Amino acid sequence: MNAVNYELIKKDGKARRGRITTPHGTIETPVFMPVGTAATVKAMRPEEVKELGAEIILSNTYHLYLRPGHEIVKEAGGLHKFMNWDKPILTDSGGFQVFSLGDLRTITEEGVEFRSFIDGSKHMLTPEKSMEVQNALGSDIIMAFDECAPYPADRDYVKNSLERTTRWLKRCKEAHKDTDKQSLFGIMQGGMYQDLRKQSAEEIVALDLPGYAIGGLSVGEPKDIMCEVLDYAVDYLPENKPRYLMGVGTPDYLFEGVERGLDMFDCVLPTRIARNGTAMTSAGPVNIKNAKFEKDFTPLDHECDCYTCKNYSRAYLRHLFKANEMMSSMLLSNHNLHFLVNTMEKIRKSIEENRFMEYKEEFYKKYGYL
RNA sequence: GUGGGUGUAGUCAAGUGGUUAAGACAACGGGUUGUGGCUCCGUCAUGCGUGGGUUCGAAUCCCAUCACCCACC
C-alpha cells in the first residue's frame, strides 16, 4: 500500500471525479491546489486557506532548501507543523526552478549546479538531494526531480531532456525511502511532440508510481497547442492513478484539463495576480486598479460568497490597492483562491451529475471566453 | 511701499542660446500560469506664469506685467 492512493469514483466523458487519500487526509478530485512556495500561501493564514475549502497546498523544495534550510524545517517537526497546516502538502522537486532560473545554472547528468538567487552561493541539486530535502520536509506527495524543457525547443533537446528525466526518476525512486509516509509522483515530459510524450509516458509508467504529472506545459505555448498535447498525452497515463497537470491555473485551462481527464492542478496565478490588483470573477477578470471602480460600492463578484465579497466593496479594494495596504493582497488572494477552489467544487458536482460540458459552456459564457 | 528670490506636467524637479524639454512620484492602461514578482511593461508638457522684444534659433538673454515667498519699512 502506498502512502497516497487514488480512487476513481465516476466519469463524465473523459472528466473524472475521484478521491485521493494521503496520511494527512483525503482530497476530492479534480482539485485545485494553492501554491505556498516558501511555506506560506502568500498573504493568507492557513486557517483562511482551509476555510475557503482548499484540501491540499503546494510548497517548494528549492526555496525551502535555500531558506530556511530543510534541516531546520525537519527540526521544527516537519513542514506541516512548521507552517501550521495539517492537511496534505505536495512539494515540487525544484525541477521547475532549474527551468525558470535559467541563467544561473548548469545541467549535467549528475544533476543541476546553480547559484542561489538569495546570496549567489553555489549549490548542487540532484535527484537524490531532492528526495532528501522532500523527505526532511515531510510532504505527503513528493515530485520527481525533472528537467522542464522550454518552449519552443527542438526535438533533440526535448528528447534528451525527457530521457534524462526518466533516468533521474529512476534515481528518485531508488533514493525515496519513506514510501509509507510519502508518495513519489513521476513527471512526463516530451514537449509538444506526440511520439516523445508517448515515449516519456511509457518510460515513467513502467516504474509503477502512485501518481503521474504532466510537466513541460504552460511554459508559454499557445492554448490550442497545449490542448492538442493534452488530447493525446493524458491517454498515455494509467486510469487508476491520479493525473496532475503542473502549473495550470487560469479558469479556462482548468476546464480544458478536467475535460481531458486531469485530476490535479496548481498555479501561482490566483495569488500572484491578487497581489498585483486583479481578481478572477464569474464575469471574467476584474482589474481593481481601474478608475471606473472608484465609486463602485458593489462586491467584487455578485455570485461569490467568500469573505471578501461578503464584506467589502470594489471601491474599498481599489482604495486599499492604491494606498499600498497589505489588506489588498490578503482580501484579493482570499477571493481568487476561493474562486478557483469553488469553481472546482462546482466542476466535481457537474461530473457527478453528468453535465460537465454544460457547466463548462455556462461558465465560459459568463467569464467571457465565448 | 522698498530690496531680494522663485515661477518648467497633479507634485518634486533637471535643463543657464542649438536636434522631437531629463528623471522621480502620482495618474491612466496592460501583463503575470510546477512564485527570483507589494512586481514588470507601456502612456502621460506642440510647451517652460503672462505679453512683448533680441536672435538664423529662446525654458534659457532683454523689457513689461502677474503670482507666490523672504527681508526691511
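The rules we used
Residues numbered from 1 in each chain as written. Chains lettered and ligands numbered in written order. Predicted model: local features only at pLDDT ≥ 70, side-chain atom pairs only at ≥ 80, totals over all residues. Heavy atoms only, no water. pLDDT = per-residue confidence, 0-100. Pairing = 2+ DSSP bridges. Helix = DSSP H or I, 4+ residues; strand = E, 2+ residues; numbered from the N terminus. Axes fitted to C-alpha atoms, helices over the stretch in contact; angles between N-to-C directions. Contact = heavy atoms within 4.5 Å. Polar contact = N/O pair within 3.5 Å; in protein donor to acceptor, adjacent residues only side chain to side chain. Patch = residues over 30% accessible without salt bridge, like charges linked within 9 Å, V, L, I, M, F, W, Y side chains within 5 Å. Areas by Shrake-Rupley, 256 points an atom, 1.4 Å probe, with all protein chains shown as cover. Salt bridge = Lys/Arg side-chain N within 4 Å of Asp/Glu carboxyl O. Buried < 20%, exposed > 50% of the residue type's maximum accessible area, 1.4 Å probe, protein only. Near = heavy atom within 4 Å. Nonpolar A, V, L, I, M, F, W, Y, C, P; charged D, E, K, R; others polar. Parallel < 35°, antiparallel > 145°, perpendicular 65-115°, else oblique. Left-handed = near helix turned anticlockwise from the far one by under 90°. Core = buried A, V, L, I, M, F, W, Y, C linked by side-chain atoms within 4.5 Å.

Scored by pLDDT, chain A comes out at a mean of 96, with 99% of its residues at no less than 70. In the predicted complex, the global pTM is 0.95; the interface-specific ipTM is 0.92.

Attention now moves to the sheet that holds strand 1 (residues 5-12). If you walk across this open sheet you meet the three strands as 1-2-3, and the pairing is antiparallel. The open sheet has two edge strands, strand 1 and strand 3 (25-29), and neither has a second partner. Neighbour-to-neighbour, the strand axes of this sheet turn through a mean angle of 15 degrees, independent of strand direction. Alignment of strand 1 against strand 2 (residues 15-22), held across seven bridges, turns out to be antiparallel. When the bridges of strand 2 are listed, Glu7 appears paired with Arg19.

So, on to the environment of Glu28. Looking at the element boundaries, Glu28 is found in strand 3. Along the primary structure Glu28 and Asp263 are separated by 235 residues, whereas in three dimensions their C-alpha atoms are 9.2 Å apart. If we skip the residues at most four places from it in the chain, Glu28 touches Ile9, Arg17, Gly18, Arg19, Glu55 and Arg348. At 2.8 Å, the side chain of Glu28 forms a polar contact with the side chain of Arg17. Side chain to side chain, Glu28 and Arg19 meet in a polar contact 2.8 Å long.

There is a patch of nonpolar side chains on the surface, built from Leu104, Phe117 and Ile118 and spanning about 240 Å² of accessible area. Residue position: Ile118 is located in the loop between strand 8 (112-115) and strand 9 (122-125). In this structure Ile118 comes out as partly exposed when scored by relative accessible area, which is 38%.

With respect to spatial proximity, 42 residues lie near RNA strand B, and among them Cys148, Ser218, Gly247, Val268 and Arg272 are the closest. Within the side chain of Thr278, one N or O atom sits 3.2 Å away from a base oxygen of RNA strand B. Among the residues forming the surface near RNA strand B, the class breakdown is 15 nonpolar, 17 polar and 10 charged.

Let us now look at the packing of helix 9 (residues 223-233) against helix 10 (residues 251-259). Running from N to C, helix 9 and helix 10 point in directions that differ by 20 degrees, and their axes come no closer than 10 Å. If you check the angle between helix 9 and helix 10, you find them roughly parallel. With respect to the hand of their crossing, helix 9 and helix 10 are arranged in right-handed fashion. Side by side, helix 9 and helix 10 meet where Lys223, Met226, Cys227 and Leu230 of the first sit next to Asp252, Tyr253, Glu256 and Gly257 of the second.

With that settled, consider the pattern of salt bridges. This model, assessed by the stated rule, comprises 31 salt bridges. Here Glu361 and Lys365 are joined by a salt bridge, their closest N and O atoms 3.7 Å apart. In this pair, Glu361 and Lys365 both sit in helix 15 (residues 356-367), four residues apart, roughly one turn of the helix. The class for Lys365 is exposed, based on a relative accessible area of 58%. When salt bridges with common partners are traced through the structure, they connect Lys223, Asp231, Asp252, Glu256, Glu259, Arg260 and Lys360 into a single cluster.

Phe32, Ile214, Leu245 and Phe265 are the most contacted members of the largest nonpolar core, which totals 70 residues. Here this core takes seven residues from helix 14 (residues 326-352), the largest share from any one element. Not counting residues within four places of it along the chain, the set of residues in contact with Phe32 comprises Val248, Gly249, Leu254, Phe265, Asp266, Cys267, Pro270, Leu337, Leu340, Val341 and Met344. Ranked by size, the runner-up nonpolar core spans 19 residues in total, among them Val4, Tyr6, Ile20 and Ile141.

In this section: the environment of Pro238. Relative to the assigned elements, Pro238 resides in the loop between helix 9 and strand 13 (243-245). In the structure, Pro238 is positioned 33 residues away from Val205 in sequence and 7.6 Å away in space, judged by C-alpha atoms. In this structure Pro238 touches Val205, Tyr212 and Arg243, once residues within four positions along its chain are discounted.

This part is about helix 9. Burial in helix 9 covers these residues: Met226, Cys227, Val229, Leu230, Tyr232 and Ala233. Contact partners of the buried residues in helix 9: strand 11 (183-188), helix 8 (194-205), strand 12 (211-214), strand 13 and helix 10.

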